[in-house]
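# Results of the structural survey
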Amino acid sequence: MAGRDAQAARDHDYSPSRFARDVEATLARQAHVGRALAARHRPLELVDGDDAEARLDLFIPEGVSGSMSGREAPWPLMAFIHGGYWQELDHTASDFLAERYLARGMAFASLGYGLAPGTAIEAMIAQCARGLAMAREALEARGGAGRVILGGHSAGAQLACRVAAEAKGEVDELLLVSGVYDLTPLVDTYINAPLGLDRARARALSPRFGELAGLPPSRVVIAERDPPAFRSQGRDFAVALEAAGGVVELTDLAGCDHFDVLDHL
């Protein structure tokens, strides 16, 4: 009985939907905005190999409304990696974010990756890295890519950290939202069923235990209504980054949950 109780407690601690107001409505609204934006701006659709999920939409700020509409290249790039515990959603889940960057004369790429159980997290990292490279190459072919910000939400924050760590200085800044930075607690939860992680592999994939000194300046965002475990992970990761000599800003957004926090960045 004690073992089942502990399992249920861990599952609860890492279930953001149990702490959110209306997950389905939030995701549906964000998806609707993203589809409408894509219909208006017709982003480039780039695919990495044969995996249909390893693809991206690239929005380029030509002829958009706003004070910086029509900004010429080189364009700063915001590339963003969606969440979903490495097993749900796709790149279009973050398309709705593009509008705020387009209005500032920035390009926006929503990076996708194959999902578990069909794709291992290590392969997802490689796919996101190639997606970022594809976005940069596409911008270069059209006039140039400027400063690169790499963002990620939830599981996407873990992927963003790993991509930045392996990108050898190609990422200028990280935006990490409601992220998972220590994967070891997930091993004993329902989340791990399609992931198949053991503790050694979970630790190896955890940004918290990686080489932090090489990461670019980072903004770590947590939401007021994130699960306490996520809030603790964000705070602990920010402290670890600072201790490693990194430049970090911790932002705690009031009134937001794990899903609608993206509306308030």
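For the structure itself, consult the block above.
The following refers to the structure shown. (Residues numbered from 1 in each chain as written. Predicted model: local features only at pLDDT ≥ 70, side-chain atom pairs only at ≥ 80, totals over all residues. Heavy atoms only, no water.)

## What about the pattern of salt bridges?
A side chain of one charge can pair with a side chain of the opposite charge if their charged atoms are brought near each other. What the rule picks out here adds up to 11 salt bridges. The salt bridge involving E173 is made with R147; its shortest N-O contact spans 3.4 Å. With E173 in strand β6 (residues 173-177) and R147 in strand β5 (residues 145-153), this residue pair connects regions lying 26 residues apart in the sequence. A relative accessible area of 44% means that R147 is categorised as partly exposed. Between R162 and E166 there is a salt bridge, with the nearest N and O atoms lying 3.3 Å from each other. Here R162 and its partner E166 are both found in helix α5 (residues 155-166), four residues apart, which amounts to about one turn of the helix. Put simply, R21, D257 and D260 are held in one network by salt bridges that share partners. (Salt bridge = Lys/Arg side-chain N within 4 Å of Asp/Glu carboxyl O. Helix = DSSP H or I, 4+ residues; strand = E, 2+ residues; numbered from the N terminus. Buried < 20%, exposed > 50% of the residue type's maximum accessible area, 1.4 Å probe, protein only.)

## Quick word on the sheet that holds strand β7 (residues 218-225)
Taken in spatial order, the eight strands line up as β1-β2-β4-β3-β5-β6-β7-β8 in an open sheet, and their pairing is mixed. What marks the edges here is a single partner per strand, and that holds for β1 (44-47) and β8 (248-257). Here the strands of the sheet are splayed against their neighbours by 20 degrees on average, with no regard to which way each runs. Two elements, β6 and β7, share four bridges in a ladder whose sense is parallel. The partner of L175 across the bridge, within β7, is R219. Sitting on the sheet, α5 is in contact with β3 (75-81), β5 and β6, with an inclination near 140 degrees to β5. Against the sheet, helix α7 (residues 228-243) contacts β6, β7 and β8, and its axis sits at roughly 160 degrees relative to β7. (Pairing = 2+ DSSP bridges. Axes fitted to C-alpha atoms, helices over the stretch in contact; angles between N-to-C directions. Contact = heavy atoms within 4.5 Å.)

## Here's the deal with helix α4 (residues 121-141)
In this model α4 runs 30 Å from its N-terminal to its C-terminal C-alpha over 21 residues, within 8% of the 30 Å that 1.5 Å per residue would give. Along α4, the residues classified as buried are I121, M124, I125, Q127, C128, G131, L132, M134, A135, A138 and L139. At the exit of α4 stands G143, carrying a positive phi of roughly 135 degrees. (Expected span 1.5 Å × (residues − 1).)

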